[in-house]
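Survey of secondary and tertiary structure
Each chain is listed here by its residues.
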Amino acid sequence: MKPSKKLDQLSTSIFSQLLVKKNQKLQLGQNIIDLSIGSPDLPPPDIVKKSLSEHVLEDGAYAYPLTGTEEFKQAVTYFYSQRYHVDLQTSNVLQIIGSQEGLSHLALAYLDQEDVVIVPDPGYPIYEASVQIAGAQIYPVPLIEDNDFLPDLSSIPEDVAMKAKMMILNFPGNPIPTLATREFFEQVIEFGLKYKILIVHDFAYSELIFDQQKPLSILSIPKARETAIEFNSLSKSFNMAGCRIAYVVGDEKLIEPLAILKSHMDYGVFLPIQKAAALVLKSDFHFLDEHKRIYQQRRDTFIHILHDKGWNVRKPEGGMFVWAKLREDVRSMDFAFKAIDYGVLVTPGVSFGAYGEGYIRLALVHPEDVLEQAAERLVQCVGFFSRDSSSHVMNVVE
Ligand SMILES: Cc1ncc(COP(=O)(O)O)c(C=O)c1O
């Protein structure tokens, strides 16, 4: 039996190649610190665990939920007003089974073959994969350091902008942990309105923003609701990744196509999870401050070691990752393979798009002492790639 041709387009995971090597090393008894996947290592708030354990005992909890409950949608409107100063009605909220599910089905709900989607390069893989599965076309817009890793809208040719139906953005981003500025979002909204493009902002890391900076919802920009929708999730903010619960917010008409498609495809999120999510979205948010403090501290400890040894990687402004630049002639895949010999699993930047070449992504998903060890090992790996391996790392990495 031949599977669909669409599957051929999907890149086979670079991870599987790295995992083979990782498993070989593990079998030999080597210790490997895994910085390759952004799966939260910290637990969810206690109220989530307590609520879940209570509600799973109720007989009525096991019916098909079909859609998001009114209670959940109200909780999202409360959360958005408190955290991002955006006023929403419950009709502006659509529950999804994780952003990953929502993003992939959004493409199916909106795109036809001739449609073009502007995606960030490097970008979170589902952006490109969802467009490929929907059979539409991708226009990658580079995120480069010279432009502060923001997409340069003026670089998009007029004919591409005219044909584009959707543009996907992600701040703080994965793999590049930068923040959008208000000015940039204003330009994006202008661009979306001018060319009639659905702007899709993935705000999965909205609660991991460091150094007293504030989260910026794209819906807080004037006129945004005419052209933009925003995805948000409980996976990273509340460490509920395995619960599979997220939502998309925006104008009712813009989210409706996804709601229609989903009504044919799934029966919603388990009710006890919806209850726990509603509860935590309306909590006192003390958890979020503490959570952010932990990640910021991890970032500082990890970066301090790299900087101290001369590897001047950029300090992330938010999110869960460090986007570390390699020496110009080192390929990210080569570095990732070699790093396993030094006891660290990292993600090669090229797996996020051609413009990710020359970088690796490091997920801060371990306690500080483990991250310290990982940083020391990575610095040694950098040393391996120096022309004169006895020289100080400072000389080999920009
Ligand atoms: C940028 C980004 N968007 C979406 C997701 C998926 O989130 P969810 O768990 O809500 O599906 C991730 C997960 O790593 C992510 O990094």
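Computed from a prediction, not measured in an experiment: that's the story for all the values here. For every chain, the first residue of its written sequence is number 1, and the numbers climb from 1 along that sequence. Whole-chain, interface and lining totals are the exception, using all residues; otherwise, since this is a predicted model, local features are given only for residues with pLDDT of at least 70 and side-chain atom pairs are given and counted only at 80 or more. For the side-chain quantities, the full set of heavy atoms in the structure was used; hydrogens and water were omitted.

A separate point is the nonpolar core. We call a set of buried Ala, Val, Leu, Ile, Met, Phe, Trp, Tyr and Cys residues a nonpolar core when their side-chain atoms join them within 4.5 Å. Throughout, exposure labels follow a simple rule: accessible area from a 1.4 Å probe, protein chains only, divided by the maximum for the residue type, with under 20% read as buried, over 50% as exposed, and the rest as partly exposed. Counting residues in each nonpolar core, the largest one holds 54 residues, and the members touching the most others are Y80, L234 and Y247. In this text, helices come from DSSP runs of H or I with a minimum length of four residues, and strands from runs of E with a minimum of two, each type numbered from the N-terminal end. Going through the elements one at a time, α4 (70-84), β3 (116-121), α7 (158-163), β5 (164-170), α8 (182-195), β8 (246-250) and α11 (271-281) are the ones with two or more residues in this core. With residues near it in sequence (within four places) discarded, Y80 still touches H85, V86, L88, F203, S217, E230, N232, Y247 and V249. Of all hydrophobic cores here, the second largest spans 42 residues; its members include I32, A324, A336 and A375. Throughout, a contact is declared for two residues whenever any of their heavy atoms are within 4.5 Å.

For the rest of this paragraph, the subject is the site of the ligand. Near the ligand there are 14 residues, and of these D202, Y205, S233, S235 and R244 occur at the shortest range. Polar contacts, as counted here, are pairs of nitrogen or oxygen atoms within 3.5 Å of one another; within protein the pair requires one atom able to donate a hydrogen and one able to accept it, and residues that are adjacent in sequence qualify only if both atoms are side-chain atoms. Between an oxygen atom of the ligand and a side-chain N or O atom of S233, the distance comes to 2.7 Å. Per-residue accessibility takes into account occlusion by the displayed protein chains alone, with areas from the Shrake-Rupley method and a 1.4 Å probe. Coverage of the ligand by the protein chains reaches 93% of its 390 Å² of free accessible surface. The definitions used throughout rest on a 1 Å grid laid over the protein atoms alone, on which a cavity is an enclosed set of points accommodating a 1.4 Å probe that cannot get out and a pocket is an open set flanked by protein within 12 Å on both sides along at least five of seven lines; lining residues are those having an atom within 4 Å of a point. Think of it this way: if more than half of a molecule's atoms are within 2 Å of a pocket's grid points, that molecule is in the pocket or cavity. A molecule is said to occupy a pocket when more than half its atoms come within 2 Å of that pocket's grid points, and by this definition the ligand occupies the largest pocket. Every element with two or more residues in the shell around the ligand is listed here: α5 (99-110) and α9 (234-237). Throughout, the term near means that a residue has one or more heavy atoms lying within 4 Å of the molecule or strand in question.

Okay, the pattern of salt bridges next. The working definition used for a salt bridge is a side-chain nitrogen of Lys or Arg within 4 Å of a carboxyl oxygen of Asp or Glu. One pass over the full model with this rule turns up 21 salt bridges. Ionic pairing is found between D211 and R299, a salt bridge with its closest N-O pair at 2.8 Å. Residue D211 is found in the loop between β6 (198-202) and β7 (228-233), and its partner R299 is found in helix α12 (residues 286-308); the two are separated by 88 residues along the sequence. Judged by its relative accessible area of 1%, R299 falls in the buried class. Across the salt bridge formed by D266 and K262, the nearest N and O atoms sit 2.7 Å from each other. Residue class for D266 comes out buried when judged on its relative accessible area of 15%. Shared partners join several salt bridges into a network, and the residues in it are K21, K25, K338 and D341.

Pairing between strands is defined by DSSP: at least two bridges between them are needed. Taken in spatial order, the 7 strands make up an open sheet running β2-β8-β7-β6-β5-β3-β4, and their pairing is mixed. Where the open sheet ends on each side, the last strands, each with one partner, are β2 (93-96) and β4 (137-142). With direction set aside, neighbouring strand axes in the sheet form an average angle of 25°. Alignment of β3 against β4, held across 6 bridges, turns out to be parallel. Note on β4: the bridge partner recorded for V117 is I138. Contacts from α5 reach β2, β5, β6, β7 and β8 within the one sheet, and its direction differs from that of β7 by about 155°. Between N-to-C directions, angles cover 0 to 180 degrees, with each direction set by a line fitted to C-alpha atoms, over the stretch in contact for helices.

With that settled, the discussion passes to the layout of surface pockets. Grid points are joined across faces, edges and corners, and a volume is the space filled by probe spheres set on the points. The computed volume of the largest pocket comes to approximately 1200 Å³. Forming the boundary of the largest pocket are 45 residues, of which Q100, Y124, P125, I126 and F352 lie nearest the centre. When residues of the lining of the largest pocket are traced back to their parent elements, those giving at least two are α2 (14-27), α5, β3, α6 (126-133), β4 and α9. Here the lining of the largest pocket takes 5 residues from α6, the largest share from any one element. Built from parts of two domains, the lining of the largest pocket gets at least three residues from each of domain 1 (5-43 + 286-384) and domain 2 (63-281). What the second largest pocket holds in volume is close to 260 Å³. In terms of lining residues, the second largest pocket is bounded by 20 residues, among which T67, G68, L94, Q95 and A259 are the most central. Sorting elements by how many residues they give to the lining of the second largest pocket places helix α10 (residues 252-265) first, with 6 residues. For the lining of the second largest pocket, a count of residues per class yields 8 nonpolar, 7 polar and 5 charged. For the domains described, the bounds stem from an automatic or database domain assignment. Residues are grouped as follows: Ala, Val, Leu, Ile, Met, Phe, Trp, Tyr, Cys and Pro are nonpolar; Asp, Glu, Lys and Arg are charged; all remaining types, including Gly, are polar.

Another aspect to go through is empty space enclosed by the protein. Remark: the empty space left among the atoms is shown by a probe the size of a water molecule rolled over them. Scanning the entire structure with this criterion turns up 3 cavities of 30 Å³ or more. In this structure, the largest cavity occupies an estimated 90 Å³ of space. Partitioned by chemical class, the residues of the lining of the largest cavity number 10 nonpolar, 5 polar and no charged.

Time to look at the packing of aromatic side chains. For this analysis, a ring pair means two rings from Phe, Tyr or Trp (six-membered ring only for Trp) whose centres lie within 6.5 Å, classed as stacked if their planes differ by under 30 degrees, edge-to-face if by over 60, and tilted for the remaining angles. Evaluated as defined, the whole model comprises 24 aromatic pairs. Ring centres of F79 and Y84 lie 5.7 Å apart, and the angle between their planes is 85°; this geometry places the pair in the edge-to-face category. As far as the burial class goes, F79 and Y84 line up, both buried. Ring centres 6.3 Å apart and planes at 35° place the aromatic pair F184 and F185 in the tilted group. Here the aromatic cluster, defined as three or more aromatic residues joined through ring pairs, consists of F72, Y78, F79, Y80, Y84, F203, F238, Y247, F285 and F287. Two thresholds decide whether a charge sits over a ring: the Lys NZ or Arg CZ must be within 6 Å of the ring centre and within 35 degrees of the ring normal. Taking the ring centre of Y78 as reference, the NZ or CZ of K282 above it sits at 5.5 Å. When the ring centre of F384 is taken as origin, the NZ or CZ atom of K338, which lies over that ring, is 4.4 Å away.

Functional significance is not addressed by these values, which are geometric in nature.
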